[in-house]
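Chain and residue survey
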Amino acid sequence: MAQNTRILLDNRPVGEATPGNFRLETVATPTLQDGQVLIRHHYLSLDPYMRGRMNDAKSYAPPQPLGEVMIGGTVGEVVDSRHPRFAAGDSVVGMGGWQQYSVVDATQPGALRKVDTTHVPLSHYLGAVGMPGVTGWYGLVKIIDPKPGQTVTVSAASGAVGSAVGALAKARGCRVVGIAGGPDKCVYVKNELGFDDCIDYRVHQDYLSLAKALKQACPNGIDGHFENVGGMVLDAVMLRTNAFSRIAVCGMIAGYDGQPLPMANPALILVNRMRVEGFIVSEHMEIWPAALTELGQLVGSGTFRPRESVAEGIESAPDAFIGLLKGRNFGKQLVKLV
Ligand SMILES: NC(=O)c1ccc[n+]([C@@H]2O[C@H](COP(=O)([O-])OP(=O)(O)OC[C@H]3O[C@@H](n4cnc5c(N)ncnc54)[C@H](OP(=O)(O)O)[C@@H]3O)[C@@H](O)[C@H]2O)c1
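Please read these numbers as outputs of a predicted model, since none were measured by experiment. (Residues numbered from 1 in each chain as written. Predicted model: local features only at pLDDT ≥ 70, side-chain atom pairs only at ≥ 80, totals over all residues. Heavy atoms only, no water.)

**Some thoughts on the packing of helix α2 (residues 131–144) against helix α8 (residues 288–300)**
At a minimum axis separation of 9 Å, α2 and α8 run at an interaxial angle of 105°. Our classification of the angle between α2 and α8 gives roughly perpendicular. Counting all contacts with α2, which are made through Met131, Gly133, Val134 and Trp137, the residues of α8 involved are Trp288, Ala290, Ala291, Leu292, Glu294 and Leu295. Grouping the constituent residues of the contact of α2 with α8 by class yields eight nonpolar, one polar and one charged. (Axes fitted to C-alpha atoms, helices over the stretch in contact; angles between N-to-C directions. Helix = DSSP H or I, 4+ residues; strand = E, 2+ residues; numbered from the N terminus. Parallel < 35°, antiparallel > 145°, perpendicular 65-115°, else oblique. Contact = heavy atoms within 4.5 Å. Nonpolar A, V, L, I, M, F, W, Y, C, P; charged D, E, K, R; others polar.)

Encoded structure:
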């Protein structure tokens, strides 16, 4: 019986999340029942949405219950199976949570998916060729719907979602401008991800100054914007939007600790006849196959080389998660468990 070290939500944060909100424990993995599969997780995905689940508040998804294993995407290998479609050694992606092993009822549709690691490394199924990549695909393709030659901007550009948006927009012949925190991230966004330009928002005191930098980087204005952050970044982008521009509202990480994020110039939505649309990727399962195919091709061919921040060991998950919420990650934040 393998020992399973796991992390539970112990209490809810007031303001910022802290390591004290979590509790570590070790238990034996249970005996498998018919239809169940035992997975050894190789990587755990840490994602900003987890901060919202830690609150007991009305949202698009129910809160993470106290005293239960933190929710999270995982990739790993089947070590034991009592389901005919899964065998020991299979590489799989699922929602195993913040723990080393999980027992999955594989009879549940979509609970577990086999993945092919011939051209795409296993960890990328939690990032570029997983939920964050599909998120970028949905917002770009279904909301921004850019035409070749149009200008698309994206905030948190070096991150898991932002980097995918850039790769997908470049593949559609757009001018792509990133917004990211710090010179290292901006150099990476331009030189390795192939964006046309990238602006370091941290050197700007206010949104008017950032809007000036955007004017230089986007001489023809902004036709589409993919928003991951909110606040000053969104205010600056709004000032540079063209008539009939589209904003895909994907995330508002600048406000995840509860800060209000007022908008400076909402009248621009009217003046520029803009489409501003929020979305939740898990509510659009119909687009996942097409999105995963395109993302898999971009990564498999080496056209898109996503970066990862990898913390070691399940014990490191709380600190790595808190770091992600402060922008300390550089690319997709993972925890390596094997
Ligand atoms: N709608 C959906 O279905 C959906 C699905 C997945 C993700 N999302 C959202 O997409 C966004 C990106 O997610 P991701 O997984 O790709 O994360 P990520 O970009 O890999 O990491 C988060 C990044 O946010 C940036 N950031 C900007 N302002 C920040 C602030 N005030 N505080 C903290 N961080 C700040 C940081 O990058 P810089 O250093 O460059 O600022 C940080 O590295 C998040 O808002 C997330 O909630 C939405």
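**Re the domain arrangement of the protein chain**
According to the domain assignment, the protein chain consists of domain 1 (3–127 + 306–336) and domain 2 (131–282). For domain 1 and domain 2, the distance between their C-alpha centres works out to 28 Å. Of the residues lining the interface, 19 residues belong to domain 1; the matching set on domain 2 comes to 14 residues. For the domain 1 face of the interface with domain 2, the top three residues by lost area are Tyr60, Gly127 and Phe330, together amounting to 30%. (Domains from an automatic or database assignment. Buried area = accessible area lost by both parts, 1.4 Å probe.)

**As for α2**
When the terminal C-alpha atoms of α2 are compared, their 19 Å separation across 14 residues agrees well with the 20 Å that a helix rising 1.5 Å per residue should span. If you check which residues of α2 are buried, you get Pro132, Gly133, Val134, Thr135, Gly136, Trp137, Tyr138, Gly139, Leu140, Val141, Ile143 and Ile144. Just downstream of α2, Asp145 is the residue with a positive phi angle, here 45°. (Expected span 1.5 Å × (residues − 1). Buried < 20%, exposed > 50% of the residue type's maximum accessible area, 1.4 Å probe, protein only.)

**So, the state of the cysteines**
Evaluated as defined, the whole model comprises zero disulfides. Summary of cysteine pairing: Cys198 is not part of a disulfide, and the nearest cysteine sulfur, belonging to Cys186, is at 3.2 Å. Cys250 takes part in no disulfide bond, and the closest cysteine sulfur to it belongs to Cys198, at a distance of 17 Å. Cys250 sits in the partly exposed class, given a relative accessible area of 22%. (Disulfide = S-S within 2.5 Å.)

**Describing the site of the ligand**
Close to the ligand lie 29 residues, the nearest being Lys185, Tyr201, Tyr256, Val281 and Asn329. A distance of 2.7 Å separates an oxygen atom of the ligand from a polar atom in the side chain of Tyr256. Protein chains bury 91% of the 910 Å² of accessible surface belonging to the ligand in isolation. Contributions of two or more residues to the shell around the ligand are made by α2, α3 (160–171) and α9 (317–325). Three or more residues apiece are contributed to the shell around the ligand by two domains, here domain 1 (3–127 + 306–336) and domain 2 (131–282). (Near = heavy atom within 4 Å. Polar contact = N/O pair within 3.5 Å; in protein donor to acceptor, adjacent residues only side chain to side chain. Areas by Shrake-Rupley, 256 points an atom, 1.4 Å probe, with all protein chains shown as cover.)

**A short note on unusual backbone geometry**
Outside of glycine, negative phi angles account for most residues, and trans bonds account for most peptide bonds. Look at Asp145: it is not a glycine, yet its phi comes out positive at around 45°. Positionally, Asp145 belongs in the loop between α2 and β8 (151–155). Phi at Ala156 takes a positive value of approximately 50°, unusual for a residue other than glycine. With respect to the helices and strands, the residue Ala156 is situated in the loop between β8 and α3. By relative accessible area, which is 33% here, Ala156 ends up partly exposed.

**Brief notes about the nonpolar core**
Grouped together as the largest cluster of nonpolar side chains are 49 residues, with contacts concentrated most on Val134, Phe226 and Phe304. At seven residues, α2 tops the list of elements feeding residues into this core. Residue assignment places this core across two domains, with domain 1 (3–127 + 306–336) and domain 2 (131–282) each supplying three or more. Leaving out residues up to four positions away in the same chain, Phe304 has contacts with Ala128, Ser163, Ala164, Ala167, Leu193, Leu298 and Val299. Of all hydrophobic cores here, the second largest spans 21 residues; its members include Tyr49, Ala311, Ala317 and Leu337. (Core = buried A, V, L, I, M, F, W, Y, C linked by side-chain atoms within 4.5 Å.)

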